[in-house]
Every structure is written in structure tokens, then in C-alpha cells.
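A closer look at the structure
Each chain, written out:
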Amino acid sequence: MVESAAAVVDALRMQVPSGVVVSASVGTAPGPFGDRPTQALRSTESRSARDCARAALATLGQRSADIPTGEGGQPVWPTGFVGSLSHCPGFTIAAVGRVGVASAIGIDVEVHRPVRPAVAATIVCGSEASMLTRLASSHPAVAWSAVLWSVKESVFKAWYPLTGRWVDYTACEVVIHPDRGSFDARVVAPAGPTECSTMPRAFAGRWSVVGTRLCSVVIVPASQRQDG
């Protein structure tokens, strides 16, 4: 498990720019597919993710930092920093950077296993269904429904700090590039009242499968956000 955690962190470090710090922690192993985590377990994982975030912040010179939860459920970072948290059974992770490096970060980690069909049906939009069919045929070892889920999670975690609102999974169209371990995504939801015309809607990121884990990350460059 420790080697798996180190491998996931190493993979993510290769996918983020210099100045973004990734920190992770290993917990208990995931249970059988279909098991729903208890509230107590999710609370423990959430605290562990924030411990990872504080470790990353300390690496960047920000010590003893509080990371409260905002009205939308998002972590609220110390002034001058942006970041993202994620946890799945047995694993928690955080990615943090200074605002001069990124204007938003989205990160997600999942157990690498197919998403339940009923859930998968709620996240697919546009040409994604045919894309998943092609990917399953050409690369059958990858749980592509889980990759799509994870990618959209990362996109929305980067989208929310820039716009202040959550949207449905079907408001994001994704193209997965299997051989490059990358993806392109576009949020197609109608503009909200607080969004400006220059707010980014196109996102690019990376994904990877490492052992039993699947991770994805989106970094919105600091220069991409323009207020006004």
C-alpha cells in the first residue's frame, strides 16, 4: 500500500507544474465493490485530506494553516494559495500551489474499478457514450467510466473556485486521450450571474492508473483567469 501511495504521488508530481506540491496518505484498504463508506469513515478521510493539505502548505512555507469548509462544500485556502483535496477508501491526497502558479487546481483519486451502470448513465453526455465504447474496445484493461467520472470531478473542483457554482456532470463534455494520459474538457453550462466572458470554460488535464488507484488533475494557469 505504501509503495502504491508513493507511485500515485510520483505520477501526479509528473503531471503538475513546478510550484504545485502534492501530498498523500494511506489508510485502510477499499472494501468490496458497492460498499458505501460510512459517515465516520468519510469524516476521517476528509480530516486526513486536510492533514495532507497542511503538509503541502508547510512545504510552501505556510505553517499552522486552517482549511475551513466553504458554503459550497469546497476547502477555503489561506490567502495567496489555491488547492484541491480528494479521498477514496484507503487513500487521501491534496495538491496546493501559490496563486502566482495557478488560479485553480482540481484533483481526484478513485479506486480503479468500473462505475455502477446506473451512476454512469447520469454522467455521460454528448459523444461520450460512443467514446467510452471505443475506448473499452481498444483498451479493455482500463475502467473508462471511472476515468470519465474522475476527470469530471477534477474539472468541477477547478471550475467552482472560478465561478462560485456547481453544475451537473452532463454540463461538462470530455474527450479522453488514452495513449497520452490526457484529456480535454469543456463546461457547457449556461453562464451564471457572477461569471465574466473571459472566465475559462475549456480545461486540459492529465489522468493515470497506478496499481489499484486512478487519479486525475487539472491545473488552471494563473495567466488563464482574467477578471473583468
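Residues numbered from 1 in each chain as written. Predicted model: local features only at pLDDT ≥ 70, side-chain atom pairs only at ≥ 80, totals over all residues. Heavy atoms only, no water.

**Side note on the overall build of the protein**
Each helix and strand counted, the protein has five helices and eight strands in total. Of the regular secondary structure in the protein, the N- to C-terminal order runs α-β-α-β-β-β-α-α-α-β-β-β-β. Sorting the 228 residues of the protein into buried and exposed places 48% on the buried side. By sequence separation, contacts in the protein at least 24 residues apart represent 62% of the contacts at least 6 residues apart. Of the roughly 10,800 Å² of accessible surface on the protein, a fraction of 55% belongs to carbon and sulfur atoms. (Helix = DSSP H or I, 4+ residues; strand = E, 2+ residues; numbered from the N terminus. Buried < 20%, exposed > 50% of the residue type's maximum accessible area, 1.4 Å probe, protein only. Contact = heavy atoms within 4.5 Å. Areas by Shrake-Rupley, 256 points an atom, 1.4 Å probe, with all protein chains shown as cover.)

**Quick look at the sheet that holds strand β2 (residues 81–88)**
What the three strands build is an open sheet, ordered β1-β3-β2; its pairing is antiparallel. Both outer strands of the open sheet, β1 (20–26) and β2, are each paired with one neighbouring strand and no more. Averaged over all adjacent pairs, the angle separating strand axes in this sheet is 10°, with direction ignored. With eight bridges connecting them, β2 and strand β3 (residues 91–98) associate as antiparallel partners. (Pairing = 2+ DSSP bridges. Axes fitted to C-alpha atoms, helices over the stretch in contact; angles between N-to-C directions.)

**Considering the nonpolar core**
Ranked by internal contacts, the top residues of the largest apolar core, which has 32 residues, are Val155, Val174, Ile176, Phe183 and Phe203. Of all the elements in the fold, those that place two or more residues in this core are α4 (128–138), α5 (144–163), β5 (172–177), β6 (182–187), β7 (202–210) and β8 (213–221). Counting residues per element, this core draws most heavily on α5, at ten residues. Counting 21 residues, the second-largest nonpolar core is a separate cluster that includes Val8, Val20, Val217 and Ile219. (Core = buried A, V, L, I, M, F, W, Y, C linked by side-chain atoms within 4.5 Å.)

**Topic: the pattern of salt bridges**
According to the stated counting rule, one finds four salt bridges in the structure shown. Note that Asp10 is salt-bridged to Arg13, the shortest N-O span being 4.0 Å. You can see Asp10 and its partner Arg13 sitting in helix α1 (residues 2–13), three residues apart, about one turn around the helix. Residue classification places Asp10 among the partly exposed residues on the basis of a relative accessible area of 43%. (Salt bridge = Lys/Arg side-chain N within 4 Å of Asp/Glu carboxyl O.)

**Re the sheet that holds β7**
Reading across the sheet, the five strands line up as β4-β8-β7-β6-β5 and stay open at both edges, with antiparallel pairing between neighbours. The open sheet terminates on both sides in strands that have one partner only, identified here as β4 (102–111) and β5. Going from strand to strand, the sheet's axes swing by 20° on average, the running direction of each strand aside. Where β5 and β6 come together, six bridges link them in antiparallel fashion. Across the sheet, Ile176 pairs through a bridge with Phe183, a residue of β6. Along the sheet face, α5 touches β4, β5, β6, β7 and β8 and points at about 150° away from the line of β4.

**Points about the environment of Ser103**
Along the chain, Ser103 turns up in strand β4. Judged by its relative accessible area of 12%, Ser103 falls in the buried class. Sequence separation between Ser103 and Val220 is 117 residues, and the spatial gap between their C-alpha atoms is 5.7 Å. Side-chain polar atoms of Ser103 contact the backbone oxygen of Pro221, separated by 3.3 Å. (Polar contact = N/O pair within 3.5 Å; in protein donor to acceptor, adjacent residues only side chain to side chain.)

**Here we look at the packing of α4 against α5**
Direction vectors running N to C along α4 and α5 enclose 130°, while the axes themselves pass 9 Å from each other. By the criterion of interaxial angle, the relationship of α4 to α5 is oblique. Contacts between α4 and α5 involve Glu128, Met131, Leu132, Leu135 and Ala136 on the former and, on the latter, Trp144, Ser145, Leu148 and Lys152. Across the contact of α4 with α5, the residue classes break down as six nonpolar, one polar and two charged. (Parallel < 35°, antiparallel > 145°, perpendicular 65-115°, else oblique. Nonpolar A, V, L, I, M, F, W, Y, C, P; charged D, E, K, R; others polar.)

**Quick word on the packing of aromatic side chains**
A full pass over the atoms with the stated rule returns four aromatic pairs. Between Trp144 and Trp207, the ring centres sit 5.2 Å apart and the planes meet at 75°, which makes this aromatic pair edge-to-face. Within this pair, whereas Trp144 is found in helix α5, its partner Trp207 is found in strand β7, the two being separated by 63 residues in sequence. Since its relative accessible area comes to 4%, Trp144 is described here as buried. An aromatic cluster is built from Trp149, Phe156 and Tyr169, whose rings are joined through pairwise contacts. (Phe/Tyr/Trp six-rings, centres within 6.5 Å; stacked < 30°, edge-to-face > 60°.)

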